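# Overview (structure and organization)
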Amino acid sequence: MVDKLLEGIHVLQRLTLQKLWNILLLKLSYFISISIKKDIHWGKPFAFSIEPTTSCNLRCPECPSGLRSFTRPVGSMDYDFYKGIIDQCSSFLSYLILYFQGEPYLNPKFLDLVQYASKNGIYTVSSTNAHFLDDENARKTIMSGLDKIIISLDGTDQISYERYRIGGNYKKVISGIQKLVYWKEKLNKPRPRITLQFLILKTNQHQVKDIKNLSRKLKVDQLVLKTGQVYNLDKGSEIIPEDEKLSRYKKINGVYVIKNNLKNRCWRIWSSSVITWDGKIVPCCFDKDAKYVFGDLGKNRFLEIWNNKSHSRFRKQILSSRKEIDICQNCTEGSNIWVN
């Protein structure tokens, strides 16, 4: 709760009156749309997720990057192409997640992407497996202007960690975190806030107490306990925790279902966009394989896509039959994917 409050304050510090007015318009149109079940959409998205790359060094079993299962092209965001997106949208864009699929640091220009957005007054966040946080990258990360970095650490020893983060090196992750903390203190920088994210799985659920102790020892700013996502629920999964309180799923008649009523509403689709490395606009982070493409920034400007017919049709379906959209069926919007 404290971290969310601090993050909210930091975002507010970046807001111009124009950006604040835009967010108010988005909120108003969203609530009106829910009330009258029509696609009323004012304003422009205040948040983006932009994908630096689809490449990844690990082989996590519930990740398309790790499984190498994409049907879409694999590649990395071009820096000049990215600058063009930011230049188009910086007047209304307030919050940028430089992550979708893949490991961001595998894009050699990743920290340049961060720096350009930060210089344009945009709050920036990214997520990493921390295998590329050597001393130089850690220092550059602290200097880049990044506001928040999320580091995945799903185990408190090599055996537990590698059962999900296949191909990962536990000691290398710990070293990367230590280097970030060192340079943040040495350079006397308040940001980025360092968040340690622990994905609770059947293989590591016994280590919750240990990860809390470890996070204090590492002196990170925040520890987040997150429930794991599974794709093929019909078959169940070996990674779903036995304790239902630690899972985003529950069993009904022997079948796992998500703990979400999937009401006909979605703030994400009203307020944000996801942009793949090659410029495709997709609804949200649950469309990992870019099945629903609203437009291509290589062909059209962003605002031409934001209010086009494809976008509007999708929003209308959200308001009438969200459960029928396949990418929504595993969605946590409107539920809690964090564990206290």
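Residue indices begin from 1 for each chain and proceed along its sequence in written order. Per-residue local features are limited, in this predicted model, to residues with pLDDT of at least 70; the limit for side-chain atom pairs, both in listing and counting, is 80 or more; totals at the level of whole chains, interfaces and linings are taken over all residues. As a convention, hydrogens and water are excluded, and side-chain values are obtained from all of the structure's heavy atoms.

## Focus on empty space enclosed by the protein
Threshold: Only protein atoms enter the calculation, which uses a 1 Å grid: trapped sets of points that fit a 1.4 Å probe without letting it out are cavities, open sets showing protein on both sides within 12 Å along at least five of seven lines are pockets, and any residue with an atom within 4 Å of a point is a lining residue. Grid points are joined across faces, edges and corners, and a volume is the space filled by probe spheres set on the points. In this classification, the charged set is Asp, Glu, Lys and Arg, the nonpolar set is Ala, Val, Leu, Ile, Met, Phe, Trp, Tyr, Cys and Pro, and all remaining amino acids, among them Gly, are polar.
Per the counting criterion, the structure on display carries one cavity of 30 Å³ or more. Approximately 60 Å³ is the volume found for the largest cavity. Lining the largest cavity are C266, R268, I269, P283, C284, F314, I318, R322, C328 and C331. The residue inventory of the lining of the largest cavity, partitioned by class, reads eight nonpolar, no polar and two charged.

## Quick word on the side chain of N22
Definition in use: Strands are runs of DSSP state E lasting at least two residues, helices are runs of H or I lasting at least four, and both sets are numbered from the N terminus onward. Contacts between residues were defined by any pair of non-hydrogen atoms, one from each residue, lying within 4.5 Å.
Assignment of secondary structure puts N22 in helix α2 (residues 17-36). Those residues within four positions of N22 in sequence are excluded, and the remaining contacts are G43, K44, P45, F46 and F92.

## Notes on the packing of aromatic side chains
Note the cut-off: A pair of aromatic rings is counted whenever rings of Phe, Tyr or Trp (Trp by its six-membered ring) have centres within 6.5 Å, and the orientation is called stacked for planes under 30 degrees apart, edge-to-face for over 60 and tilted otherwise. To sort residues, take the accessible area from a 1.4 Å probe on protein chains only and compare it with the maximum for the residue type: under 20% means buried, over 50% means exposed, and anything in between is partly exposed. Should the NZ of a Lys or the CZ of an Arg lie within 6 Å of a ring centre and within 35 degrees of the ring normal, that charge is described as sitting over the ring.
Tallying each qualifying case throughout the model produces 14 aromatic pairs. Between Y79 and Y116 the ring centres are 6.4 Å apart and the planes differ by 80 degrees, which places this aromatic pair in the edge-to-face class. Pair noted here: Y79 is in helix α4 (residues 79-89) and Y116 is in helix α5 (residues 110-119), with a separation of 37 residues, a long-range link. Overall, the relative accessible area of 19% leaves Y116 in the buried class. Here a set of aromatic residues connected by ring pairs shows up, and it is made of Y30, F31, F46, W267 and W270. One residue, R72, lies across the ring of F70, its end atom 4.6 Å from the ring centre. Above the plane of the ring of F286 lies K288, whose end atom (NZ or CZ) is 5.8 Å from the centre.

## Quick notes on the packing of α4 against α5
Operational definition: Here an axis means a line fitted to C-alpha atoms, over the contact stretch when the element is a helix, while the angle between two N-to-C directions is reported on a 0 to 180 degree scale. Angular relationships are summarised with four words: roughly parallel below 35 degrees, roughly antiparallel beyond 145, roughly perpendicular across 65 to 115, and oblique for the angles in between. The crossing is said to be left-handed when, going from far helix to near helix, the turn is anticlockwise and less than a right angle, and right-handed when the turn is clockwise.
In the contact formed by α4 and α5, the axes pass within 11 Å of each other and the chain directions differ by 20 degrees. Classified by the angle between their axes, α4 and α5 sit roughly parallel to one another. Judged by the twist between their axes, the crossing of α4 over α5 is right-handed. Where α4 approaches α5, its residues Y79, Y82, K83, I86 and D87 are matched on the opposing element by D112, L113, V114, Y116 and A117. Tallied by class, the residues present in the contact of α4 with α5 amount to seven nonpolar, no polar and three charged.

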